[in-house]
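# An overview of the molecular structure
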Amino acid sequence: MLVAEFPMFIGHFAVGFASKFVAPRTSLPGLLAASQLADILWPVFLLLGWEHVRIDPTATRFAPLDLYDIPWSHSLAALVVWATVFASLYWVVTRYRPGAVVLWFGVVSHWVLDWITHRPDMPLYPGGPRYGLRLWDSIAGTMIVELAMFAASVLFYARATRPRDRIGRYGFAAYIVFLLMLYIGDRFAGPPPDVRSLIWVSIFSAPLFLVWAWWFDRHRIPVEAEQEEYLAGDRLGTV
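Residues numbered from 1 in each chain as written. Predicted model: local features only at pLDDT ≥ 70, side-chain atom pairs only at ≥ 80, totals over all residues. Heavy atoms only, no water.

### Description of the overall build of the protein chain
The number of helices and strands found in the protein chain is 10 helices and 6 strands. With the C-alpha coordinates of the protein chain rotated into their principal frame, the extents come out at 70 × 35 × 30 Å. Out of the 239 residues in the protein chain, the part that is buried amounts to 46%. Within the protein chain, contacts between residues at least 6 apart in sequence are counted, and of these 71% link residues at least 24 apart. Mean positive and mean negative side-chain charge positions of the protein chain (19 and 19 charges, respectively) differ by 6 Å. (Helix = DSSP H or I, 4+ residues; strand = E, 2+ residues; numbered from the N terminus. Buried < 20%, exposed > 50% of the residue type's maximum accessible area, 1.4 Å probe, protein only. Contact = heavy atoms within 4.5 Å. Lys, Arg positive; Asp, Glu negative; His and termini not counted. Charge placed at Lys NZ, Arg CZ, Asp CG, Glu CD.)

Take a look at the structure:
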């Protein structure tokens, strides 16, 4: 999110960055949108009254949110449906199979990560049983896991791409630093002032993060493409 009072979780960003290593031709904002699709839909569904949340500083030690009604954005069954729609649309447009597959798993991965971190509020299906392993009950444990995931994912992304220019190099670096500043800053801030503020900050922050990712990612070239260009040039040189 954009200010420290609003929850910031970088584990889902980690999935998006790491996915670039598997599907280098898929744009980074697409990969990030997949891994965070549940959280992109969630504030919209809150605004529409389809889902509900309470600000509760006692809910867990890490996140001050009582997510007591999130069936359409966060249940496993719903995410399988959203993943299938998202990946199918991508496949129809691009015909790039690795991208479609990794987008599908990226969307569904949201439930897995939330199952590990949340208290038992992650439904299998709307109205179904809810599960959670409560990693959020440990601030240190949560930060160790998420920061380790994030560091590894940034390394994967950096190995899968090369900067074309200064934007590709420093725009990427600034993005990482900004995410880390928000994530660490959250730990020293209080809960959101109210649900409506949470909704609007969430709705407006997601596009900003995706546009920023699109900006620097288009200034980086996949190593795979770089190697193909080299091999093509080498073949021409031998003709």
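Having seen the structure, we can now continue with the description.
### Topic: the packing of aromatic side chains
Applying the stated criterion across every chain, the model contains 24 aromatic pairs. Judged by centre distance (6.2 Å) and plane angle (40°), the ring pair of Phe178 and Phe209 falls under tilted. On the criterion of sequence distance, the pair formed by Phe178 in helix α8 (residues 166-186) and Phe209 in helix α9 (residues 195-217) is long-range, its members being 31 residues apart. In this structure Phe178 comes out as partly exposed when scored by relative accessible area, which is 27%. Judged by relative accessible area, which is 6%, Phe209 ranks as buried. Among the aromatic residues, ring-to-ring pairing joins Phe13, Phe17, Phe150, Tyr157, Phe172, Tyr175, Phe178, Phe209, Trp212 and Phe216 into one connected group. Its end group placed over the ring of Tyr68, Arg54 keeps NZ or CZ at 4.0 Å from the ring centre. The lysine or arginine in question, Arg187, covers the ring of Phe62, its NZ or CZ lying 3.9 Å from the ring centre. (Phe/Tyr/Trp six-rings, centres within 6.5 Å; stacked < 30°, edge-to-face > 60°. Lys NZ or Arg CZ within 6 Å of the ring centre and 35° of its normal.)

### Re the packing of helix α1 (residues 11-22) against helix α6 (residues 97-117)
At their nearest, the axes of α1 and α6 sit 10 Å apart, and the two run at 155° to each other. The angle between α1 and α6 places the two elements in the roughly antiparallel class. The interaxial crossing formed by α1 with α6 has right-handed handedness. Taken together, the residues of α6 that come into contact with α1 (itself represented by Gly11, His12, Val15, Ser19 and Val22) are Pro98, Val102, Gly106, Ser109, His110, Leu113 and Asp114. (Axes fitted to C-alpha atoms, helices over the stretch in contact; angles between N-to-C directions. Parallel < 35°, antiparallel > 145°, perpendicular 65-115°, else oblique. Left-handed = near helix turned anticlockwise from the far one by under 90°.)

### With respect to the pattern of salt bridges
For the coordinates displayed, the defined rule picks out 4 salt bridges. Through salt bridges with shared partners, one network takes in Arg54, Asp66 and Arg119. (Salt bridge = Lys/Arg side-chain N within 4 Å of Asp/Glu carboxyl O.)

### Brief notes about α6
With 21 residues, α6 should reach 30 Å at 1.5 Å per residue; the first-to-last C-alpha distance of 31 Å fits that figure. Most pronounced at Val108, the bend in α6 amounts to some 30°. (Expected span 1.5 Å × (residues − 1). Bend = angle between axes of the 7 residues up to and from the residue.)

### Some words on the nonpolar core
Among the nonpolar cores identified, the biggest contains 26 residues, and Trp42, Val53, Leu65, Leu67 and Val107 are the most heavily contacted of them. Where this core is concerned, the elements lending two or more residues are α2 (28-35), α3 (37-48), β2 (65-69), α5 (76-94), α6 and α9. (Core = buried A, V, L, I, M, F, W, Y, C linked by side-chain atoms within 4.5 Å.)

### Focus on the environment of Tyr183
Within the secondary structure layout, Tyr183 lies in helix α8. By relative accessible area, which is 0% here, Tyr183 ends up buried. Sequence separation between Tyr183 and Phe9 is 174 residues; the distance between their C-alpha atoms is 6.7 Å.

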